[in-house]
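Architecture and fold: a report
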Amino acid sequence: MVLRNAVHKDLYADSVALMRVAARLAEPQGVETISLVMGTPANRDVLARSGLLTSPGHDAGPNDLLVAVRGEPDAVDTALALVIDALSGPGEGPGAGPEAGADAGPPVRSLVGTPAGASLALISTPGPYAAAEALKALRLGMHAFVFSDHVPIEQEVLLKREAARRGLLVMGPDCGTAVIGGIPLGFANEVRAGCVGLVGASGTGLQQVSSLLHSMGSGVSHVIGTGSRDVSAEVAGSTMRAGLDALAADPATEVIVLVSKPPAPHVAGQLLRHAGALGKPVVACFLGTNGTAPTPAGVTLAPTLSDAARSAASLAVGGALPRGEELPKLAAPAPPRRLLRALYAGGTFAHEAALLLGPALGDITRTAPPPVPGAAPSLPDRHLVLDLGDDEFTAGRPHPMIDPTVRTTYLRAALADPRSAAVVLDVVIGHGAAPDPAAALAGALAEASDDSPPVIAFVVGTDDDPQGLTAQQRILRDAGAYVVDSSTTAARVCAELLSLDGDLSPALAAPAASASRIGETA
């Protein structure tokens, strides 16, 4: 094995393009690890802590592309030689839509000379430079979708104050998902047009709810991402309030959905009161927020992502929906099988699962040792709910929605562990995601022994996505997985399978049949 770095001076590419190219170049046999990043101090530090930085990489600057590859010598040389051609391919980047291709033309790399009439700027630069670019966009009268992360929170506050002053939106920083007027940005799905508008501080949560709305026959007007810190005490829900106001003023939007992990307590109260004053029905899904607080008239609280979609779809059609799917009946695990292994690419799904399964399973850990090259991961002697998109698992590597390598390593370990009683997998498709994510997981499932634990999987997306919902579900079923419709249903299956005393969270006790009446607490 060898480790080599290459530095390409003054060559910029956005982070999604770099992750996608890294995933592609990691496919050939002999490449163990590959990372493509801009040479910022923060990125160099991540590579150093991951053991991927060599002498040439130390000299990379913020405007330079830094490539690190570990593997067999010939495979490493080939990967390094292919980087530039791979980055020149069509459709790379967080704004690549379904029509991206040879005729789409290169993306605009500067706000100088922005085409007349442009109303939105997509910003995906290294974090230290993102706020300045977003401010330029605001001053040019454009909304800003800021994909970049590692932006100081003080700069986020200032940007959003400036946006509010100008009547504009700043989606982000660290905003991964939006659909504006039918145009997907970042990681997003092809959903039909409709009357439900979404605002959320959770990218995969927005993808789950919008895709479920599509499957229920409803549709989406806009999906407005805010960035995960928007509902913190410091930022105080600035973009979420602005998004609510924009959807309230939009004649195509009749129902509004809020999606987030728990906001700061006083921010949650302010947002719910703001929502109640809009004059349109609002469904609020603040995962983990105490649902006993007073709820304003016009607002429905939904305890899960699935409930949020069902409530919004029911309100949109003006009546109850058919009940959710029947749960698969799985045989009770026999000793020593007793532990859950939930391996998520989407952080919101991991958060929802831990909240819902806590009452049923008790002791759940959210951490596991990061993988060591050449060794199987060590799994804890406790129930495990893991977010494999967390920084500790993506340092120097693409996100698991793009490159499944790290997750398949954990999947093989979970299937081989005699203590594993159930394995949960999410598969997120759509723009920005891997071209065939189910196939990589199916390969690992095919290697499992006949007495391996059951695998419960769900796919987030639609049949209009490039990968195709039905096709991805079929691949997983053919590989032996039990495929369910949502993250919430997957948690419900695990609760019924592994609960020792039947003590289920109220949100898991039974599938929701329809929305609560407007003004009632769900």
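Quick note: structure is the one above.
Residues numbered from 1 in each chain as written. Predicted model: local features only at pLDDT ≥ 70, side-chain atom pairs only at ≥ 80, totals over all residues. Heavy atoms only, no water.

With respect to the overall build of the chain
Across its full length, the chain holds 16 helices and 19 strands. Its C-alpha atoms give the chain a radius of gyration of 22 Å, within 12% of the compact-globule value 24 Å for 522 residues. Its C-alpha atoms give the chain principal-axis dimensions of roughly 65 × 60 × 40 Å. Counting over 522 residues, the chain shows a buried share of 55%. Summarising the internal contacts of the chain: among those between residues at least 6 apart in sequence, 74% fall at separations of at least 24. Taken as a whole, the chain presents about 21000 Å² of accessible surface, with 54% of it coming from carbon and sulfur. Side chains of the chain give 36 positive and 52 negative charges; the mean places of these two sets differ by 5 Å. (Helix = DSSP H or I, 4+ residues; strand = E, 2+ residues; numbered from the N terminus. Rg over C-alpha atoms; globule rule 2.2 N^0.38 Å. Buried < 20%, exposed > 50% of the residue type's maximum accessible area, 1.4 Å probe, protein only. Contact = heavy atoms within 4.5 Å. Areas by Shrake-Rupley, 256 points an atom, 1.4 Å probe, with all protein chains shown as cover. Lys, Arg positive; Asp, Glu negative; His and termini not counted. Charge placed at Lys NZ, Arg CZ, Asp CG, Glu CD.)

Looking at helix α9 (residues 265–276)
Here α9 is twelve residues long and its end C-alpha atoms lie 17 Å apart, about the 16 Å a rise of 1.5 Å per residue gives. By the burial criterion, the buried members of α9 are V267, A268, L271, L272 and A275. Relative to the axis of α9, the buried residues are bounded by an arc of 130° and lie together on one face. Those residues of α9 that are exposed and aimed more than 90 degrees away from the buried face are P265 and R273. Tucked inside the fold, the buried residues of α9 contact α8 (238–249), β12 (282–286) and β13 (299–301). (Expected span 1.5 Å × (residues − 1). Arc of directions from axis to C-beta.)

Details of the environment of A320
Within the secondary structure, A320 is located in the loop between α10 (305–317) and β14 (339–344). For the pair A320 and A440, spaced 120 residues apart in the sequence, the C-alpha separation amounts to 38 Å.

Description of the side chain of S420
Relative to the elements of secondary structure, S420 occurs in strand β17 (residues 420–428). Here R341 takes part through its side chain, which lies 3.4 Å from a polar atom of the side chain of S420. Those residues in contact with S420 that sit more than four places away from it in its chain are R337, L339, R341, A414 and P453. (Polar contact = N/O pair within 3.5 Å; in protein donor to acceptor, adjacent residues only side chain to side chain.)

Points about the pattern of salt bridges
Summed over the entire model, instances satisfying the criterion amount to 17 salt bridges. Measuring nitrogen to oxygen at the nearest pair gives 2.3 Å for the salt bridge that ties D77 to R4. On the criterion of sequence distance, the pair formed by D77 in helix α4 (residues 73–87) and R4 in strand β1 (residues 2–8) is long-range, its members being 73 residues apart. Exposure remark for D77: the relative accessible area of 38% places this residue in the partly exposed category. Between R338 and D381 there is a salt bridge, and its shortest N-O distance comes to 2.5 Å. Taken as a pair, R338 in the loop between α10 and β14 and D381 in the loop between β15 (364–365) and β16 (383–387) lie far apart in primary sequence, 43 residues in all. Looking at D381, the relative accessible area reads 44%, which means it is partly exposed. A network of salt bridges, in which partner residues are shared, links R338, R341, D381, D417 and R419. (Salt bridge = Lys/Arg side-chain N within 4 Å of Asp/Glu carboxyl O.)

Focus: the state of the cysteines
Throughout the structure, instances matching the rule amount to zero disulfides. Of all cysteine sulfurs, the one in C285 lies closest to C195, which takes part in no disulfide; the gap is 19 Å. Cysteine C494 shares no disulfide, and the gap to the nearest cysteine sulfur, in C285, comes to 19 Å. (Disulfide = S-S within 2.5 Å.)

With respect to the sheet that holds β16
Read across the sheet, six strands follow the order β15-β16-β14-β17-β18-β19 without closing on themselves; strand pairing throughout is parallel. Because the sheet does not close on itself, it has two edges, and the strands there are β15 and β19 (482–484). Pairing geometry for strand β18 (residues 455–460) and β19, over three bridges, is parallel. Bridging across to β19, A457 finds its partner in V483. (Pairing = 2+ DSSP bridges.)

Concerning helix α7 (residues 203–215)
For α7, with 13 residues, the first-to-last C-alpha span of 18 Å sits near the 18 Å given by 1.5 Å per residue. With eleven of 13 residues buried, α7 is to be regarded as a mostly interior element. Turning to α7, its buried residues number three or more, namely T204, G205, L206, Q207, Q208, V209, S210, S211, L212, L213 and H214.

Topic: unusual backbone geometry
Residue P173 follows G172 across a cis peptide bond; omega there is 5°. Structurally, P173 is set in the loop between β6 (170–171) and β7 (177–180). With omega at 10°, the peptide bond leading from P335 into P336 counts as cis. Counting through the fold element by element, P336 comes out in the loop between α10 and β14.

Points about the packing of aromatic side chains
Per the stated rule, a full pass over the model turns up four aromatic pairs. Geometrically, the ring pair formed by F349 and F458 is edge-to-face, given 5.3 Å between the ring centres and 85° between the ring planes. Residue F349 is found in helix α11 (residues 347–361), and its partner F458 is found in strand β18; the two are separated by 109 residues along the sequence. Just as F349 is buried, F458 falls in that class too. (Phe/Tyr/Trp six-rings, centres within 6.5 Å; stacked < 30°, edge-to-face > 60°.)

Observations regarding the sheet that holds β1
One open sheet accounts for three strands, arranged β1-β3-β2; its pairing is antiparallel. Each of the sheet's edge strands pairs with one partner strand only, and the pair in question is β1 and β2 (31–38). Taking each pair of neighbouring strands and ignoring which way they run, the sheet shows an average axis angle of 10°. Pairing between β1 and strand β3 (residues 65–71): seven bridges, direction antiparallel. Bridged to L3 within β3 is R70. Helix-sheet contacts for helix α2 (residues 41–49) involve β2 and β3, and the interaxial angle to β2 is about 165°. With respect to the sheet, α4 is in contact with β1, β2 and β3, its orientation differing from that of β3 by roughly 150°. (Axes fitted to C-alpha atoms, helices over the stretch in contact; angles between N-to-C directions.)

Overview of the packing of α8 against α9
Taken N-terminus to C-terminus, the directions of α8 and α9 make an angle of 10°; their axes are 10 Å apart at the nearest point. With respect to α9, the element α8 is oriented roughly parallel. Taken together, the residues of α9 that come into contact with α8 (itself represented by M240, R241, L244 and D245) are Q270, L271, H274 and A275. Residue composition of the contact of α8 with α9, grouped by class: four nonpolar, two polar and two charged. (Parallel < 35°, antiparallel > 145°, perpendicular 65-115°, else oblique. Nonpolar A, V, L, I, M, F, W, Y, C, P; charged D, E, K, R; others polar.)

These figures come from the coordinates and say nothing about function on their own.
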